[in-house]
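# Inside the fold
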Amino acid sequence: MEQKLYIYNSLSRKKELFEPIVEGNVGMYVCGPTVYSDVHLGNVRTFLTFDIVYRYLQFLGYKVRYVRNITDVGHLVGDGDVGEDKIAKKAKLEKLEPMEIVQKYTNGFHDVMRLFNILNPSIEPTATGHIVEQIEMIQEIIQNGYAYESNGSVYFDVRKFNEKYPYGKLSGRVIDDLYTNTRELDGQDEKRDALDFAIWKQADPSHIMQWNSPWGKGFPGWHLECSVMSTKYLGKTFDIHGGGMDLKFPHHECEIAQNVGATGHEPVRYWMHGNMLTVNGRKMAKSEGNGFTPEELVTGNHKLLDKGYSPMTVRFFMLQGHYTSTLDFSNEALQAAERGYKRMTAAMKLMEKLAPSDTSDENIQAITDACYAAMNDDFNTPILISHLFEGVRIINSINDGKLKLTAPDIALLSKTMDEFFHQVLGLNIEDAGANDALTEQLMNFILEMRSNAKSNKDFVTSDLIRDSLAKLNIQIKDTKEGATWSINE
Ligand code: AMP
Ligand code: ZN
């Protein structure tokens, strides 16, 4: 690979040169959604973060196997070992089969991903599709002595594991501190130790999602599916594992323990965590009531929204923050992003029409290099966008006749803007829509009338057209190829 890519590894807590296990190939696993409700914009931010990683790796020429799962069983309401299954609870509430709930919200999730131009993964496995493999991994962990059966459930033995391997190294939690924050076991508890977590749960007869196992009827624990499906599709050790910051503990910490407990191998080379989308400083979450759905965002139909915003505006807004920082939602920030996005797309359209000169006033290669450097520095999209705005300034200046570039430099600038805007950032020039298409046709018609007037030396009419358009903030420019128009913002 020509480019040297550095990734912030949450495990080592530093930026590291990215070197995949198999040259030219990358295995990447990202925790997918729990499909029991509509996704909110916070979820979208995390999936967008890894969409950028996926896109840039491919852009650099890597062959990427990207696995993003669907959690359709085992994620309990309290995110721990007790309470109802989130899917089963919703199924009862909506009076549907659990698999109808799963299908409904999986479809919804896919629609949202498409709306924001987030690419499909290479494999999208489900937890319920891998019950057999999950049972097998539990057996391996038991055989290795890191799990025990209790009353039809199986628990991971954290203290035993910690005797040989450090538990808590990803989240930076020390096992003794964890005890002080964990409730005491009561005498009824099936667990031997308060830190142990369920990898298989016994199901009482009323539980609607259950499978046969060597320990009786039950269902897998939430953390287990990701260990199992990542190992199955990417191997015992693979390159990148991602998810939102809130999954670091306990979910990812437990994943590491399960993988090491089953295979003896450290599963992941580079752990990546996307930071949270917040609203007035608070994490956007379903439970907070501050999580609007993408549909509400586009229509503006939510108490927190002043108006609707287009999907590409939102994508642009999110990419103006680095994924490791929190990003606070506000109408002002979105409106600023809307203006920025429009300015960039207007320049992208102008780019095709730029007239070359004999000399260049700018070093375009330096801008191209800076774009790569930004992305190579842990996917720094905000810095990349600032370099693309440098390109916007140059395009506008050439168009205004204030700056010159040679044809090869124009071609390089076009290629750089095009590749980083479309392929790397996954932005689209939003469909102009019927009104804009009509405007385009009307403008062509008016410009033709003006051109005819000029050829007939009817300068009164041609000037009248130009001045009338100027009052509407529409600027006409005469070039060798004919007249062009643009809207002054
Ligand atoms: P869930 O469906 O709740 O398991 O969440 C799916 C993904 O969205 C996980 O990777 C979470 O870490 C992530 N997520 C949840 N809330 C937010 C938020 N406010 N900002 C960014 N990511 C989030
Ligand atoms: Zn996971």
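Residues numbered from 1 in each chain as written. Chains lettered and ligands numbered in written order. Predicted model: local features only at pLDDT ≥ 70, side-chain atom pairs only at ≥ 80, totals over all residues. Heavy atoms only, no water.

A few words on the domain arrangement of the protein. What the domain assignment reports for the protein is domain 1 (18-274), domain 2 (278-424) and domain 3 (432-487). Just the C-alpha atoms count here: the centres of domain 1 and domain 2 sit 34 Å apart. When domain 1 packs against domain 2, the two sides together hide about 2,700 Å² of surface, and 70% of this comes from carbon and sulfur. Among the residues domain 1 hides against domain 2, the three largest losses belong to Arg45, Tyr56 and Phe59. Together they make up 28% of the total. Counting across the interface, domain 1 meets domain 2 through 2 salt bridges. Across the pair Asp246 and Lys283 runs a salt bridge, and its minimum N-O distance is 2.9 Å. Here domain 1 and domain 2 share 9 residue pairs in polar contact (both at pLDDT 80 or more) between them. Taken together, the elements giving at least two residues each to the side of domain 1 that touches domain 2 come down to α1 (41-59), α3 (98-115) and β10 (268-274). Broken down by element, the side of domain 1 that touches domain 2 gets its largest block of residues, 13 residues, from α1. A per-class count over the side of domain 1 that touches domain 2 returns 16 nonpolar, 8 polar and 5 charged. (Domains from an automatic or database assignment. Buried area = accessible area lost by both parts, 1.4 Å probe. Salt bridge = Lys/Arg side-chain N within 4 Å of Asp/Glu carboxyl O. Polar contact = N/O pair within 3.5 Å; in protein donor to acceptor, adjacent residues only side chain to side chain. Helix = DSSP H or I, 4+ residues; strand = E, 2+ residues; numbered from the N terminus. Nonpolar A, V, L, I, M, F, W, Y, C, P; charged D, E, K, R; others polar.)

With an omega of 0 degrees, the peptide bond between Phe249 and Pro250 qualifies as cis. Mapped onto the fold, Pro250 is located in helix α8 (residues 248-263). Backbone geometry places Asn151, a non-glycine residue, at a positive phi of 55 degrees. Checked against the element boundaries, Asn151 lands in the loop between β5 (147-150) and β6 (153-156). Classification of Asn151 by relative accessible area gives exposed; the value is 54%. Phi is positive for Lys457, which is not a glycine, with a value near 60 degrees. Mapped onto the elements, Lys457 comes out in the loop between α15 (433-455) and α16 (459-471). Judged by relative accessible area, which is 63%, Lys457 ranks as exposed. (Buried < 20%, exposed > 50% of the residue type's maximum accessible area, 1.4 Å probe, protein only.)

Moving on, we get to the site of ligand 1. The environment of ligand 1 is formed by 15 residues, the closest being Gly42, Thr46, Asp246, Leu277 and Met284. The separation between a nitrogen atom of ligand 1 and a polar side-chain atom of Thr46 is 2.6 Å. Between ligand 1 and Met284, the relevant distance is 2.7 Å, taken from a nitrogen atom to a main-chain nitrogen or oxygen of the residue. Contact with the protein chains removes 92% of the 490 Å² of surface that ligand 1 exposes when unbound. Among the elements that make up the shell around ligand 1, the one with the highest residue count is α1 (4 residues). Considering only residue class, the shell around ligand 1 consists of 6 nonpolar, 7 polar and 2 charged. (Near = heavy atom within 4 Å. Areas by Shrake-Rupley, 256 points an atom, 1.4 Å probe, with all protein chains shown as cover.)

Attention now goes to the packing of aromatic side chains. Throughout the structure, instances matching the rule amount to 19 aromatic pairs. Residues Phe292 and Phe329 carry aromatic rings whose centres are separated by 4.9 Å and whose planes lie at 65 degrees to one another, so their mutual orientation is edge-to-face. Residue Phe292 is found in the loop between β12 (282-283) and α9 (294-299), and its partner Phe329 is found in strand β13 (residues 327-329); the two are separated by 37 residues along the sequence. Taken as a pair, Phe292 and Phe329 share a single burial class, namely buried. The interplanar angle of 90 degrees and the centroid separation of 5.1 Å between the aromatic rings of Tyr372 and Phe420 together place this pair among those described as edge-to-face. In this pair, Tyr372 sits in helix α12 (residues 364-376) while Phe420 sits in helix α14 (residues 407-424), placing the two residues 48 residues apart along the sequence. Each member of the pair, Tyr372 together with Phe420, is buried. (Phe/Tyr/Trp six-rings, centres within 6.5 Å; stacked < 30°, edge-to-face > 60°.)

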